[in-house]
Amino acid sequence: TPGGKAAPPRPFNMVLYPNPTRGHTTLEFDLMHPAWVEVRLFDLQGRMLFTPPETWYQAGHQSVTFDVNTLTPGVYLLRLKAGDQQAILKMFKPQ
């Protein structure tokens with residue numbers, strides 16, 4: 001990294017796979033403490049396309065699977081929010 005500094009850790013250690021995806025994709029994340037978790041999917045124009053109900057998760061490794069069959073090919077943003085932290089990952093759906 002420039003200046004010899006390590007990149008900051010990604011909140012929640014989020015991983016999205018498969019990415020690119022054509023059908024289903026799974027979001028894995030880690031919580032340090034129990035929390036209400038909100039997951040939202042946006043297009044690049046900022047329109048919210050999908051949000052499951054906010055869910056209470058215990059601390060530890062978690063996963064959520066989404067069906068994205070109905071989405072048109074393109075780039076999307078998946079946002080995870082827990083407490084006062086949030087993180088965003090890009091999701092790609094090919095032709």
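Located above this text is the structure these notes cover.
Residues numbered from 1 in each chain as written. Predicted model: local features only at pLDDT ≥ 70, side-chain atom pairs only at ≥ 80, totals over all residues. Heavy atoms only, no water.

A. Just unusual backbone geometry, in detail. Of note, the bond from Y17 into P18 is cis; its omega dihedral lies within 30 degrees of zero at -15°. Following the sequence through the fold, P18 ends up in the loop between β1 (15-17) and β2 (24-31). Here the residue pair N19 and P20 is connected by a cis peptide bond, since its omega of 15° sits within 30 degrees of zero. By the element assignment, P20 lies in the loop between β1 and β2. Unlike most non-glycine residues, N13 shows phi in positive territory, near 50°. Turning to its location among the elements, N13 is positioned in the segment before β1. Judged by its relative accessible area of 49%, N13 is partly exposed. (Helix = DSSP H or I, 4+ residues; strand = E, 2+ residues; numbered from the N terminus. Buried < 20%, exposed > 50% of the residue type's maximum accessible area, 1.4 Å probe, protein only.)

B. Examining the nonpolar core more closely. Among the nonpolar cores identified, the biggest contains 22 residues, and F12, M14, L27, F29, V37 and L80 are the most heavily contacted of them. Listing elements by their share of this core, those giving two or more residues are β2, β3 (35-43), β6 (60-67), β7 (74-82) and β8 (85-93). Those residues in contact with M14 that sit more than four places away from it in its chain are L27, E28, F29, L78, L80, A87 and L89. (Core = buried A, V, L, I, M, F, W, Y, C linked by side-chain atoms within 4.5 Å. Contact = heavy atoms within 4.5 Å.)

C. Structural context of the sheet that holds β2. Sheet architecture is open: three strands sit in the order β1-β2-β6, paired in antiparallel fashion. Both outer strands of the open sheet, β1 and β6, are each paired with one neighbouring strand and no more. Geometrically, the sheet is characterised by an average inter-axis angle of 20° between neighbouring strands, direction not taken into account. (Pairing = 2+ DSSP bridges. Axes fitted to C-alpha atoms, helices over the stretch in contact; angles between N-to-C directions.)

D. Layout of the environment of N19. Mapped onto the secondary structure, N19 falls in the loop between β1 and β2. Separated by 75 residues in the primary sequence, N19 and P94 place their C-alpha atoms 9.5 Å from one another. Once residues lying within four places of it in the same chain are set aside, the contact partners of N19 are K90, M91 and F92. A polar contact of 2.8 Å, which involves the side chain of N19, links it to the backbone oxygen of K90. One polar contact links the side chain of N19 to the main-chain amide nitrogen of F92, over a distance of 2.8 Å. (Polar contact = N/O pair within 3.5 Å; in protein donor to acceptor, adjacent residues only side chain to side chain.)

E. Molecular detail of the packing of aromatic side chains. Tallied over the entire structure, the rule returns three aromatic pairs. Ring geometry for F29 and Y57: centres 5.5 Å apart, planes at 85°, overall edge-to-face. Of this pair, F29 sits in strand β2 while Y57 sits in strand β5 (residues 55-57), and the two are 28 residues apart along the sequence. Y57 carries the same exposure label as F29, and that label is buried. Pairing F50 with F66 gives two aromatic rings, centres 5.3 Å apart and planes at 85°, and the pair type is edge-to-face. Note that F50 is positioned in strand β4 (residues 48-50) and F66 in strand β6, a separation of 16 residues in sequence. Taking the relative accessible area as the measure of exposure, F66 reaches 5% and is therefore buried. (Phe/Tyr/Trp six-rings, centres within 6.5 Å; stacked < 30°, edge-to-face > 60°.)

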